[in-house]
2 protein chains.
Amino acid sequence: MAKPKKTWFAILGLLSWRPMSGYEIKKFVENALSFFWSESYGQVYPTLKALVDAGLAKKLPRDGLGSRRQRYSITERGKRELAKWLSSPSEPPKSRNEFELKFFLNSSRPQKHNLKLVEEYRSQQQELLKDFLESEKLLKIAVRNDALPEELLESMPEIGDSDNQQLTVFYLTLRHGIHAARARIAWCNEVLSFLQS
Amino acid sequence: MAKPKKTWFAILGLLSWRPMSGYEIKKFVENALSFFWSESYGQVYPTLKALVDAGLAKKLPRDGLGSRRQRYSITERGKRELAKWLSSPSEPPKSRNEFELKFFLNSSRPQKHNLKLVEEYRSQQQELLKDFLESEKLLKIAVRNDALPEELLESMPEIGDSDNQQLTVFYLTLRHGIHAARARIAWCNEVLSFLQS
DNA sequence: TAAACTATATATCAAACTGATATATCGTAG
DNA sequence: CTACGATATATCAGTTTGATATATAGTTTA
């Protein structure tokens, strides 16, 4: 029957940081969380309505006279439900990694196909790591100084009004991405030297 | 319009190894590929039919008189389509990692929640790594000796009639899982010492 | 040996989710 | 003043999941 509704809690969790509009939520996930989470507009807007109907979130009055954006905030009931979910155990992720599938299925074809595939994957991951390390440097400074560097605000305006504890968790989450990217690059190097030997 | 149909090529790819039934496909993915791929019955059976309709796979005659299982094999056209897909670039995976989301969203709650969460995650990953290392040991022997150890056949009967190149790719794919699990454990250790300091 | 399990095997479906597209307004660079 | 990109909300067909239904073969245990 497909019961998860992870989107419900993902959105509720973001609203627990601060009030946001559907557009802001989508952009935030896309810009700042994309290496471990994703949401689509097709989920965000209906879910916001459903959260209101369930009494877990509520519409805020549109500030500014002609303001187009509709912001939502979390309710007390929403906070309680969120806390419950946050403490529940996480099922191990059902990943679907297209690259790994291709690598695996290539086994009955000449190895040169896989060499090319792995080299492409490696540069993809190196690019990713570069971006992570950039953000890490800035976030580290922010956490230490309890103040946000200009460049970070430019590249991620969403984190503008985060407090120190939120920045710390953000930093630690990013470290997860860095560890993962490095592991994937190390694997590529291992495979390339294995296949070329 | 949601065009991927990754399931089509995942199934086609497995059929390119050898003929399989829907049930075998589901079990194989579940037992051997679960750390980077997943399929549900709800996808497998309709997709097998669709592949036949599209001329990419065909039904095999049921062997044995009262045999209940319906096997499918890949067609020449299927092989060509598969080869095309296998050479196409992979889009970076849109992951949805429930644990990372919870860790991130916990930022506005006391840190002790996250400590518990991370410790749970670490033992989950340590368990996973243990299994991977077990399989790795056996697969390594299999690749070196070009023969399958008894224990491996017992725990993964699916790989019974694989050739040496397939085993090698299987081994290398598993290494990806090992690198990833180790990276996650290393991250847990880093976070735990950070949060406890 | 009969009953209770467990694995094999196929099928179905509501709910969740994606990716693409439609529409309209605002700010601004040329 | 206008083309363009960012902001903002909405919709929907197609994909995928997770749960459940059904039935038979084999195996354990009372």
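Up top you'll find the structure we're talking about.
Residues numbered from 1 in each chain as written. Chains lettered and ligands numbered in written order. Predicted model: local features only at pLDDT ≥ 70, side-chain atom pairs only at ≥ 80, totals over all residues. Heavy atoms only, no water.

### Looking at the interface of chain A and chain B
It is common to report an interface's size as the accessible area lost on association of the parts. Each side of the interface is counted separately: chain A has 68 residues, and chain B has 68 residues. The junction of chain A with chain B conceals about 6,600 Å² of combined surface from both sides, 60% of it contributed by carbon and sulfur atoms. Looking only at chain A, the three residues that lose the most surface to chain B are A:Arg96, A:Phe104 and A:His176, adding up to 13% of its buried area. At the junction of chain A with chain B, the criterion picks out six salt bridges. We note a salt bridge from B:Arg96 to A:Glu39, for which the minimum N-O separation is 2.5 Å. Taken together, the connections running from chain A to chain B amount to 26 residue pairs in polar contact (both at pLDDT 80 or more). Listed by contribution, the elements that provide at least two residues to the side of chain A that touches chain B are helix H1 (6–17), helix H4 (76–87), helix H5 (98–105), helix H6 (111–145) and helix H8 (164–196) of chain A. The element contributing the most residues to the side of chain A that touches chain B is H8(A), with 20 residues. Here the side of chain A that touches chain B is built from residues that sort into 33 nonpolar, 22 polar and 13 charged. (Contact = heavy atoms within 4.5 Å. Buried area = accessible area lost by both parts, 1.4 Å probe. Salt bridge = Lys/Arg side-chain N within 4 Å of Asp/Glu carboxyl O. Polar contact = N/O pair within 3.5 Å; in protein donor to acceptor, adjacent residues only side chain to side chain. Helix = DSSP H or I, 4+ residues; strand = E, 2+ residues; numbered from the N terminus. Nonpolar A, V, L, I, M, F, W, Y, C, P; charged D, E, K, R; others polar.)

### Some words on the packing of aromatic side chains
By the definition in use, this model includes 32 aromatic pairs over all chains. Pairing A:Phe104 with B:Trp17 gives two aromatic rings, centres 5.0 Å apart and planes at 25°, and the pair type is stacked. Taken as a pair, A:Phe104 in helix H5 and B:Trp17 in helix H1 (residues 6–17) lie in two separate chains rather than in one. One exposure class covers both A:Phe104 and B:Trp17, and it is buried. In this structure an aromatic cluster arises from ring pairing among A:Trp17, A:Phe28, A:Phe35, A:Phe36, A:Phe132, A:Phe170 and B:Phe104. (Phe/Tyr/Trp six-rings, centres within 6.5 Å; stacked < 30°, edge-to-face > 60°. Buried < 20%, exposed > 50% of the residue type's maximum accessible area, 1.4 Å probe, protein only.)

### Notes on the relation of the copies chain A and chain B
Laying chain A over chain B is done by rotating through 180° and shifting 0.0 Å along the axis; what remains is an RMSD of 0.1 Å. Those values place the two copies in the arrangement expected of a two-fold rotation axis. Both copies present the same face, since 100% of the interface residues in chain A are matched by interface residues at the equivalent positions in chain B. (Least-squares fit on C-alpha atoms with pLDDT ≥ 70 in both.)

### What about empty space enclosed by the protein?
For the structure shown, the criterion picks out one cavity of 30 Å³ or more. Volume-wise, the largest cavity comes out at about 40 Å³. Lining the largest cavity are A:Leu101, B:Ala10, B:Ile11, B:Leu14, B:Val29, B:Leu33, B:Trp37 and B:Glu39. It is H1(B) that contributes the most residues to the lining of the largest cavity, three residues altogether. (1 Å grid on protein atoms, 1.4 Å probe; cavity = no way out; pocket = protein on both sides within 12 Å on 5 of 7 lines; lining within 4 Å. Points joined across faces, edges and corners; volume = space filled by probe spheres on them.)

### Some thoughts on the nonpolar core
Counting 53 residues, the largest nonpolar core has A:Leu14, A:Leu15, A:Ile25, A:Phe28, A:Leu33, B:Phe103 and B:Phe104 as the members making the most contacts within it. Among the elements that make up this core, the one with the highest residue count is H8(A) (nine residues). B:Leu33, B:Leu86, B:Leu139 and B:Leu167 belong to the second-largest nonpolar core, a separate cluster that totals 52 residues. (Core = buried A, V, L, I, M, F, W, Y, C linked by side-chain atoms within 4.5 Å.)

### Some details on the pattern of salt bridges
Following the criterion strictly, the structure yields 27 salt bridges over all chains and no others. Among the salt bridges present, the one from A:Lys6 reaches B:Glu98, with a minimum N-O distance of 3.6 Å. Placement of A:Lys6 in helix H1 and of B:Glu98 in helix H5 (residues 98–105) is noted, with the two residues assigned to different chains. For A:Lys6, a relative accessible area of 21% puts it in the partly exposed group. Among the salt bridges present, the one from A:Lys130 reaches A:Glu127, with a minimum N-O distance of 3.6 Å. Of this pair, A:Lys130 and A:Glu127 both sit in helix H6, three residues apart, which is roughly one turn of the helix. Connected via shared salt-bridge partners are A:Lys6, A:Glu91, B:Glu98 and B:Lys102.

### Here's the deal with the packing of H8(A) against H5(B)
Where H8(A) meets H5(B), the axes come as close as 9 Å, and the angle between the chain directions of the two elements is 160°. Between H8(A) and H5(B), the angle is such that the two are roughly antiparallel. Read as a crossing pair, H8(A) and H5(B) show a hand that is right-handed. For the pair H8(A) and H5(B), the contacting residues are A:Val169, A:Phe170, A:Leu172, A:Thr173 and A:His176 in the first and B:Glu100, B:Phe103 and B:Phe104 in the second. (Axes fitted to C-alpha atoms, helices over the stretch in contact; angles between N-to-C directions. Parallel < 35°, antiparallel > 145°, perpendicular 65-115°, else oblique. Left-handed = near helix turned anticlockwise from the far one by under 90°.)

### Section: a nonpolar patch on the surface
Judged by side-chain polarity, A:Tyr23, A:Tyr41 and A:Tyr45 come together as a nonpolar surface patch covering roughly 310 Å² of accessible area. Tracing the sequence through the fold places A:Tyr45 in helix H3 (residues 41–53). (Patch = residues over 30% accessible without salt bridge, like charges linked within 9 Å, V, L, I, M, F, W, Y side chains within 5 Å. Areas by Shrake-Rupley, 256 points an atom, 1.4 Å probe, with all protein chains shown as cover.)

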